[in-house]
Amino acid sequence: MNVPKLRFKEFSDEWKKAKLSSFVNINPKNNSLPDKFIYIDLESVNNGLLTSRKIVNKSEAPSRAQRTIIKNDILYQTVRPYQMNNLFINSLDSDYPYIASTGYALLRTKENPYFVYSILYQKSFVNKVLDMCTGTSYPAISANDLGTISICLPSIKEQEKIGKTLSLLDKKIELQTKKIEDLKLFKKGLSNNIFNNLKNFEEYKLGDLCNITTGKLDANAMVENGKYRFYTCAKEYSFIDEYSFDTEALLISGNGAYVGYIHYYNGKFNAYQRTYVLDQFSQNIQFIKCYLDENLSRRIKSEKKEGNTPYIVLSTLSDMIIKVPSKENQKNISNIINYHQKKILLEENKLQKLQELKKGLMQNMFV
């Protein structure tokens, strides 16, 4: 029987199977382009949010500009759809109309639009899409193939209730995300102001303030459920069963997409051969971390080596000049900045719980 695991108690009817094209108008007939419009492409959407708005003149319109958008339309990413960079248009808060690029299929439905939008993230739906994709570097699905995929639909009243629940949760996630972004901007401005106005300091090379070495292991040396942390060049640490370091340290990614990313850890751990390990500090380690958080990215940008994978060398760190005030001021500065960092981490934990709640609902409220 086609029914979800988790359901509102007032509903009991079986969900009915239907092809997407039977209740969704895919890529409705294009209107002529207006003189100016907001152009939505794959680069302007992230995690279901429109992150940037590109105002385009008709005369400068990209050849991929297609299909005028109206409220409650859904944009489904058809090129590399595994990224699931979809967008629900719940408002048109602009002086200009919205136009979608052909990287998206525009879906217009008389069913509950937020319910339909949520269907697009179901694992079963995504797997069917990926099975129909053509191409290797840029796998894509055609509008016709997209329309042949079958899903299960409840009554419109049940759709509305599910859609409203998920919409409210998404709004909370959006507001929480915005709160975190604002806190990060405030911390960044605070840190920038502090370090740009340092007084009564001495200058040292970073290599003179600490010991700098690297790990010795391959990145694939990680062990699931290992005893110790294993730092590679990713944002998240992994685990391993053996440790090479037992110290208070800063760990800096030496290559890859997160080159220059800084971890702090005090204890037993191991590290990848392109991860820099900084320990035995003669000055306040938390102050040095705050200083590097503020200034290291600029140095890396000017010195990082470009190849297939971006990377930095030892001298990028060891020769970096650090402005060091008195130990009392180091402690005060790091306490202020870390206080705001802890606030950010607290709000990020709240966001993670909201995202986990949504994930659980999505897994159980759909067939």
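So, here's what we can say about the structure. Just so it is clear, the model here is predicted, and its values are computed rather than measured.

## Overview of the overall build of the protein chain
When you go through the protein chain residue by residue, the secondary structure sums to seven helices and 20 strands. Dimensions of the protein chain, computed from C-alpha atoms along their principal axes, come out at roughly 70 × 50 × 40 Å. If you take every contact in the protein chain between residues at least 6 apart in sequence, the share linking residues at least 24 apart comes to 74%.

## Focus: the environment of Lys 172
For Lys 172, the position within the fold is in helix H4 (residues 156-196). Separated by 48 residues in sequence, Lys 172 and Asn 220 place their C-alpha atoms 37 Å apart.

## A closer look at the sheet that holds strand S18 (residues 262-271)
Strands sit in the order S14-S19-S17-S18-S15-S16 across an open sheet of six strands; the sheet is mixed. Looking at strand neighbours, the two that pair on one side only are strand S14 (211-214) and strand S16 (238-240), the edges of this open sheet. Strand after strand, the sheet turns through a mean of 45° between neighbouring axes, direction not considered. Two strands pair when backbone bridges link them, and strand S15 (residues 228-231) and S16 are joined in this way by three bridges, in the antiparallel orientation. The residue of S16 that forms the bridge with Arg 229 is Phe 239.

## Section: the state of the cysteines
Counted by the stated rule, this structure contains zero disulfides. The cysteine Cys 233 is free of any disulfide, with Cys 210 supplying the nearest cysteine sulfur at 17 Å. Since its relative accessible area comes to 12%, Cys 233 is described here as buried.

## Some words on the side chain of Gln 330
As for its position among the elements, Gln 330 is in helix H7 (residues 327-364). On the accessibility criterion, Gln 330 (0% relative accessible area) is buried. Look past the residues within four positions of Gln 330 in its chain and what remains in contact with it is Gln 283, Asn 284, Phe 287, Val 324 and Pro 325.

The rules behind each value
Residues numbered from 1 in each chain as written. Predicted model: local features only at pLDDT ≥ 70, side-chain atom pairs only at ≥ 80, totals over all residues. Heavy atoms only, no water. Helix = DSSP H or I, 4+ residues; strand = E, 2+ residues; numbered from the N terminus. Contact = heavy atoms within 4.5 Å. Pairing = 2+ DSSP bridges. Axes fitted to C-alpha atoms, helices over the stretch in contact; angles between N-to-C directions. Disulfide = S-S within 2.5 Å. Buried < 20%, exposed > 50% of the residue type's maximum accessible area, 1.4 Å probe, protein only.

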